[in-house]
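Inside the fold
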Amino acid sequence: MSKNFKRTTITSALPYANGPIHIGHLAGVYVPADIYARYLRMRGEDVLFIGGSDEHGVPITIKARKEGITPQQVVDRYHYQIKESFETFGISFDIYSRTSAPIHHETASDFFKKLFETGKFIENTSQQYYDEDNNQFLADRYITGTCPHCGFERAYGDQCENCGTSLSPLELINPKSALSGNVPVLKDTTHWYLPLEDYEPWLTKWILEGHKDDWKANVYGQVKSWIDQGLKPRAVTRDLDWGVKVPIEGADGKVLYVWFDAPIGYISATKDWSAKTGKDWEPYWKSADTKLVHFIGKDNIVFHCIIFPVMLKAEGSYILPENVPANEFLNLENDKISTSRNWAVWLHEYLEDFPGKQDVLRYVLTANAPETKDNDFTWKDFQARNNNELLAIYGNFVNRTLVLTQKYFNSQVPERGELDEISKTALEEMARYPEIISAAIERYRFREALSELMNLARLGNKYLTEMEPWKLIKTDEEKVKVILNVSLQIVANLSVLSEPFLPFSAKKLQEMIDLTGLLWKDAGGDNLLKPGHQLQQPDFLFARIEDEEVEKQVQKLLDTKKENQNAAPAKPAKEPIEFEDLMKMDIRTGTILEAEKVPKTKKLLKLKIDTGIDQRTVVSGIAEFYEPEDIIGHKVSILVNLAPRKLKGIDSQGMILMAEDKDGKLCFVSPTEDFNNGSEIK
RNA sequence: GCGGAAAUAGCUCAAUUGGCAGAGCGACGCUCUCAUAAGGCGUAGGUCCUGAGUUCGAUUCUCAGUUUCCGCACCA
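No experiment lies behind these values; they were computed from the predicted model shown.

As a further point, take the overall build of chain A. Across its full length, chain A holds 20 helices and 27 strands. Taken across its 682 residues, chain A has 50% of its residues classed as buried. Of all intrachain contacts in chain A linking residues separated by at least 6 positions in sequence, the fraction that spans at least 24 positions is 73%. As displayed, chain A offers around 32,500 Å² of accessible surface, 48% of which is attributable to carbon and sulfur atoms.

As a further point, take the packing of aromatic side chains. Under the defined criterion, the tally for this structure stands at 38 aromatic pairs. Look at Tyr-257 and Trp-259: their rings are 6.5 Å apart centre to centre, the planes differ by 35°, and that puts the pair in the tilted class. On the accessibility criterion, Tyr-257 (25% relative accessible area) is partly exposed. When the ring of Tyr-350 is compared with that of Phe-382, the centres are 6.0 Å apart and the planes differ by 90°; the resulting orientation is edge-to-face. In this pair, Tyr-350 sits in helix H10 (residues 347–353) while Phe-382 sits in helix H12 (residues 379–409), placing the two residues 32 residues apart along the sequence.

Our focus in this paragraph is the packing of helix H13 (residues 421–442) against helix H14 (residues 446–467). Running from N to C, H13 and H14 cross one another at 170°; their axes reach a closest spacing of 8 Å. Considering their axes alone, H13 and H14 lie roughly antiparallel with respect to each other. Across from Ile-422, Ser-423, Ala-426, Glu-429, Met-430, Tyr-433, Ile-436, Ile-437, Ala-440 and Ile-441 in H13, the residues of H14 making contact are Phe-446, Glu-448, Ala-449, Glu-452, Leu-453, Asn-455, Leu-456, Leu-459, Tyr-463, Glu-466 and Met-467. The residue inventory of the contact of H13 with H14, partitioned by class, reads 15 nonpolar, two polar and four charged.

A cluster of like negative charges, contributed by Glu-546, Asp-547, Glu-548 and Glu-551, occupies part of the molecular surface. The topology assignment puts Asp-547 in helix H18 (residues 547–565).

This paragraph deals with the nonpolar core. The nonpolar side chains of a soluble globular protein tend to be buried, and buried together. Formed by 165 residues in total, the largest nonpolar core has its most connected members in Leu-26, Phe-86, Phe-260, Trp-285, Phe-377, Phe-382 and Tyr-394. Looking at this core element by element, the count peaks at 13 residues for helix H1 (residues 23–42). The contact partners of Trp-285, leaving out residues within four places of it in the chain, are Thr-9, Thr-11, Ile-50, Tyr-266, Ile-267, Thr-270, Leu-292, Phe-308, Ser-317, Tyr-318 and Ile-319. Grouped together as the second largest cluster of nonpolar side chains are 16 residues, Val-618, Ile-631, Ile-638 and Val-640 included.

Attention now goes to helix H6 (residues 217–229). Three- or four-residue spacings in an α-helix give side chains the same orientation, since the helix completes a turn every 3.6 residues. Here H6 spans 18 Å end to end across 13 residues, near enough to the 18 Å set by a 1.5 Å rise per residue. All of the buried residues along H6 are Val-219, Tyr-220, Val-223 and Ile-227. Axial view of H6: buried residues confined to an arc of 90°, hence all on one face. Turned more than 90 degrees from where H6 packs its buried face, Ala-217, Asp-228 and Gln-229 sit exposed. Looking at the buried residues of H6, the elements they touch are helix H5 (200–209) and helix H9 (301–315).

Turning to a nonpolar patch on the surface, a few remarks are in order. Together, Ile-577, Phe-579, Leu-582, Met-583 and Met-585 line one region of the surface with nonpolar side chains, adding up to about 510 Å² of accessible area. Mapping Met-585 onto the fold places it in the loop between helix H19 (579–584) and strand E18 (587–597). The class of Met-585 is partly exposed, set by a relative accessible area of 39%.

Take the environment of Leu-203 next. In this fold, Leu-203 is placed in helix H5. Judged by relative accessible area, which is 0%, Leu-203 ranks as buried. On a C-alpha basis, the gap between Leu-203 and His-634 in space is 53 Å, while along the polypeptide they are 431 residues apart. Once you skip the residues sitting within four places of it in the chain, Leu-203 turns out to touch Leu-208, Ile-227, Leu-231, Cys-305, Ile-306 and Val-310.

Our next topic: the sheet that holds strand E15 (residues 330–332). The strand order E16-E15-E17 describes an open sheet built from three strands, whose pairing is mixed. With partners counted over all chains shown, the strands left at the sheet margins are strand E16 (335–336) and strand E17 (375–377), one partner each. One ladder, built from three bridges, connects E15 with E17; its direction is parallel. The residue bridging Leu-332 from the neighbouring strand is Phe-377, located in E17.

Turning our attention to the side chain of Arg-38. With respect to the helices and strands, Arg-38 occurs in helix H1. Looking at Arg-38, its side chain comes within polar contact range of the side chain of Asp-34, at 2.8 Å. Polar contacts involving the side chain of Arg-38 include one to the side chain of Glu-499, which spans 3.0 Å. Look past the residues within four positions of Arg-38 in its chain and what remains in contact with it is Gly-90, Ser-92, Arg-362, Glu-499, Pro-500 and Pro-503.

What follows deals with the environment of Leu-593. Take Leu-593: it is sitting in strand E18. Taking C-alpha positions, Leu-593 is 17 Å from Ile-650, a pair spaced 57 residues apart along the chain. Setting aside anything within four residues of it in sequence, one finds Leu-593 in contact with Lys-608, Ile-609, Asp-610, Gln-615 and Ile-632.

It is worth spelling out H5 at this point. Looking only at H5, the buried set comprises Trp-202, Leu-203, Trp-206, Ile-207 and Leu-208. Those residues of H5 that are buried lie in contact with H6, H9 and strand E14 (321–323).

Turning our eyes to something else, we now look at the pattern of salt bridges. The tally for this structure, following the rule as stated, stands at 36 salt bridges. Through salt bridges with shared partners, one network takes in Lys-6, Arg-7, Asp-46 and Asp-289.

It is worth spelling out the environment of Lys-279 at this point. Checked against the element boundaries, Lys-279 lands in the loop between helix H7 (258–277) and helix H8 (283–286). With a relative accessible area of 48%, Lys-279 lands in the partly exposed category. Here Lys-279 is in contact with Trp-273 and Ser-274, once residues within four sequence places are set aside.

On to the protein's contact with RNA strand B. The environment of RNA strand B is formed by 48 residues, the closest being Ser-225, Lys-298, Asn-375, Arg-400 and Lys-603. The contact atoms of RNA strand B, taken as those within 4 Å of the protein, divide so that sugar and phosphate hold 81%. Between a sugar or linking oxygen of RNA strand B and a side-chain N or O atom of Lys-298, the distance comes to 2.3 Å. Asn-396 places a polar side-chain atom, nitrogen or oxygen, 2.7 Å from a sugar or linking oxygen of RNA strand B. When residues of the surface near RNA strand B are traced back to their parent elements, those giving at least two are H6, H12, H14, helix H15 (469–472) and strand E22 (645–647). Ranked by the residues each element gives to the surface near RNA strand B, the list is headed by H12, at 12 residues. The class makeup of the residues in the surface near RNA strand B is 13 nonpolar, 14 polar and 21 charged.

At a closest axis distance of 11 Å, the pairing of H1 and H13 adopts a crossing angle of 130°. The angle between the axes of H1 and H13 places the two elements in the oblique class. Classified by chirality, the crossing of H13 by H1 is left-handed. Here Ile-35, Tyr-36 and Tyr-39 of H1 come into contact with H13, specifically with Ser-438, Ile-441 and Glu-442. Considering only residue class, the contact of H1 with H13 consists of four nonpolar, one polar and one charged.

Conventions used here
- Residues numbered from 1 in each chain as written.
- Chains lettered and ligands numbered in written order.
- Predicted model: local features only at pLDDT ≥ 70, side-chain atom pairs only at ≥ 80, totals over all residues.
- Heavy atoms only, no water.
- Helix = DSSP H or I, 4+ residues; strand = E, 2+ residues; numbered from the N terminus.
- Buried < 20%, exposed > 50% of the residue type's maximum accessible area, 1.4 Å probe, protein only.
- Contact = heavy atoms within 4.5 Å.
- Areas by Shrake-Rupley, 256 points an atom, 1.4 Å probe, with all protein chains shown as cover.
- Phe/Tyr/Trp six-rings, centres within 6.5 Å; stacked < 30°, edge-to-face > 60°.
- Axes fitted to C-alpha atoms, helices over the stretch in contact; angles between N-to-C directions.
- Parallel < 35°, antiparallel > 145°, perpendicular 65-115°, else oblique.
- Nonpolar A, V, L, I, M, F, W, Y, C, P; charged D, E, K, R; others polar.
- Patch = residues over 30% accessible without salt bridge, like charges linked within 9 Å, V, L, I, M, F, W, Y side chains within 5 Å.
- Salt bridge = Lys/Arg side-chain N within 4 Å of Asp/Glu carboxyl O.
- Lys, Arg positive; Asp, Glu negative; His and termini not counted.
- Charge placed at Lys NZ, Arg CZ, Asp CG, Glu CD.
- Core = buried A, V, L, I, M, F, W, Y, C linked by side-chain atoms within 4.5 Å.
- Expected span 1.5 Å × (residues − 1).
- Arc of directions from axis to C-beta.
- Pairing = 2+ DSSP bridges.
- Polar contact = N/O pair within 3.5 Å; in protein donor to acceptor, adjacent residues only side chain to side chain.
- Near = heavy atom within 4 Å.
- Left-handed = near helix turned anticlockwise from the far one by under 90°.

Here it is in structure tokens:
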């Protein structure tokens, strides 16, 4: 599989510009991508490392509407913040671009046009309901009306909940827009689809046969499952006003679907880079001798392994990814990272709280990277890895070597003289590390690579302990010269080999030993520091992290947890209603008599309720929160005069009232005393 | 419900084409003193998720199941 590539294009998933960057993004995508990029650069290879903000899509328009600002203002805010924190953190993008940039609109537009003109799309025009108040086409679910089969008045555009029939919006009698309540008008709308199924044989050959052994198991398995299940055409356009305009006559009010638009962002970012540097962008995307690698999280596998490659293949002039080393997810203190729950360590906050400690976070996230399964980040582990590994093993070895050299030889590299067996062995072992580390990086095993780097520092510590130069200095100065020369060679090697992982510390170390500009091929050398070479004043590479610092961070998270529980910002009150509206509702106390899970669903329980009036069946979406056997006999509140509704083929007669918190967790609203079934709730 | 991946020492991870299960960190003990009380050496810790099957032998292969995460479906 080892083709001879001339250059490498590395892409990292475009972060969505509706929130800042957190450690999950870093561990999954940006840190490994950066290590890879830095490593290849040190090998003297031609590398282009691409990043950028993904700025289109519905969530951004929703956020803008909520805050009363324009979508552009939303993305501006996060784009610059993200860009800056990446820079400070040392993610060495050659370009960090954005999808709202003109160059992207142009690129994505051209890309679409080419596929359109060469007949790669399926075109489908249909009549769809249009809400003239909101100036938009309505999704099926946003249209309600009377079901033509059973006469139920609140059927949805896709299905009647009463009789269970699948509907199309056009069949509804008296359709209404769920957004404005107005009568929508019918308009023709055309959309374009990418027929993924046409590429099945090609995908099978390319991935299932061609990358069986070199792609990660999770990536390969996921792709196989998609292909095996059969691919379907996928719409590439949608009716929305925020995004890249569909470049076709009469396609006003349509934009490219984000999933189509975003990956093209990698290409436009490359063009952006080209415009800024004057270098040609095309070889990085179109030369067969270019290795394209996508760094992503596991949620993005299908897009990068199936959809985007199909787009590139359909376009015809682009190369395909050589590998897609998707990572799993990182948790934080035993809980899923969540932007909405503010459960995260935000990069911009970390950089403020731990100035100058970029490498510590890089180290922890690499050593504990979710390469094969989800992992957990804890502040205790963060502290331990800094104090017990980075500082105690790496920092300490460097420091003791430099301090000894300063003490005995005024910080001048001593002559080496005759090598004894132990020293010889140490140098030989040292020389093996560049290859060991390279091999791990090239297989995208960064955790292993980093651990080998630490082993080199361990080798140094062990060597010093065995040789005891602090004793020998009294009797045999010549021997001490040998020992420190050898130790210094190990230090020099560390300064080179650690650059991809710990760029800030590597640089500092290189300055301390006054040795810069070395490349990967120099590593392993046993004479990097020449005798007589003057070293600079030694300084600590890493500082101890005290308990109170991490306790502060833990406290911050505890506060967040508290906030999430207590001060959940309640949703604003709904429209006022009249008393008579309330009186229309008949809510009673009831008792659950039977409960069982509805087959083939995740959320539904089928309940039999004694309402005092009768015994009836109700289907309720609570299976994720209650075990059927636990709730039998439970008192509940039930709305008894709600029109019956068919769920999964079961008639649900009424609705159990539930309280819902902001995470979507549900709990019963029950009488606090043992009231008779059928008691009215007013 | 369907599909994918994962489950190994207190924690984070290795390994095995089927043959006494290994490392780092933590714990405990010993020890050097050049070094940021750091380093070095050693000890304890495992029914390799569960159950069945194939085999002389299974952590590894097969089947069934459990749990976690992701995707899809479904659902508010």
